[in-house]
Amino acid sequence: MTQTINECPVCANELDWDGSYLCRQCDKHYQKKADCPDCGAELEKLQACGAANYFCNSCNELKSKSRLQFYFVAQG
Ligand SMILES: [Zn+2]
Ligand SMILES: [Zn+2]
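Conventions and cut-offs
Residues numbered from 1 in each chain as written. Chains lettered and ligands numbered in written order. Predicted model: local features only at pLDDT ≥ 70, side-chain atom pairs only at ≥ 80, totals over all residues. Pairing = 2+ DSSP bridges. Helix = DSSP H or I, 4+ residues; strand = E, 2+ residues; numbered from the N terminus. Axes fitted to C-alpha atoms, helices over the stretch in contact; angles between N-to-C directions. Buried ≥ 20, exposed ≤ 12 C-beta atoms within 10 Å, placed from the backbone.

- If you check an unreviewed UniProt entry, the protein chain appears there as DNA ligase from Vibrio hippocampi.

Structure below.
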């Protein structure tokens, strides 16, 4: 098992969680996003019963988390 580290896309510092992802070094918040591995569209995050699911509006189906590549985008 490899552990996922949430890394700042700018400075590679490990991100903190304060309701959203925070880089203390950049003093910026980031959003975690993923694109559809099949069509490349941005996936919509669905929160259900504490578990997050990722839905592609373009393929019209849920995508398995294990296939997704996550990345961080600065907020605001
Ligand atoms: Zn940073
Ligand atoms: Zn898709």
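Past the structure itself, the notes keep going.
## What to know about the sheet that holds strand S2 (residues 21-23)
1) Next: An order of S1-S2-S3-S7 is seen for the four strands of this open sheet, with the pairing classed as antiparallel. Pairing within the sheet leaves two strands with one partner each, and these edge strands are strand S1 (16-17) and strand S7 (70-74).
2) Next: Pairing analysis gives two bridges linking S1 to S2, with the strands arranged antiparallel. Looking across to S2, one finds that Trp-17 is bridged to Tyr-21.

## Some details on the sheet that holds strand S5 (residues 51-56)
1) Next: The strand order S4-S5-S6 describes an open sheet built from three strands, whose pairing is antiparallel. Each end of this open sheet is capped by a strand with a single partner; those strands are strand S4 (44-48) and strand S6 (61-63). Averaged over all adjacent pairs, the angle separating strand axes in this sheet is 45 degrees, with direction ignored.

## What about unusual backbone geometry?
1) Next: We note that Ala-12 has phi near 65 degrees; this positive angle belongs to a residue other than glycine.
2) Next: By the secondary structure assignment, Ala-12 is in the segment before S1.
3) Next: Judged by C-beta crowding, with 10 C-beta atoms within 10 Å, Ala-12 ranks as exposed.
4) Next: Of note, the phi angle at Asp-27 is positive, near 55 degrees, even though the residue is not glycine.
5) Next: If you trace the backbone, Asp-27 turns up in the loop between S2 and strand S3 (28-34).

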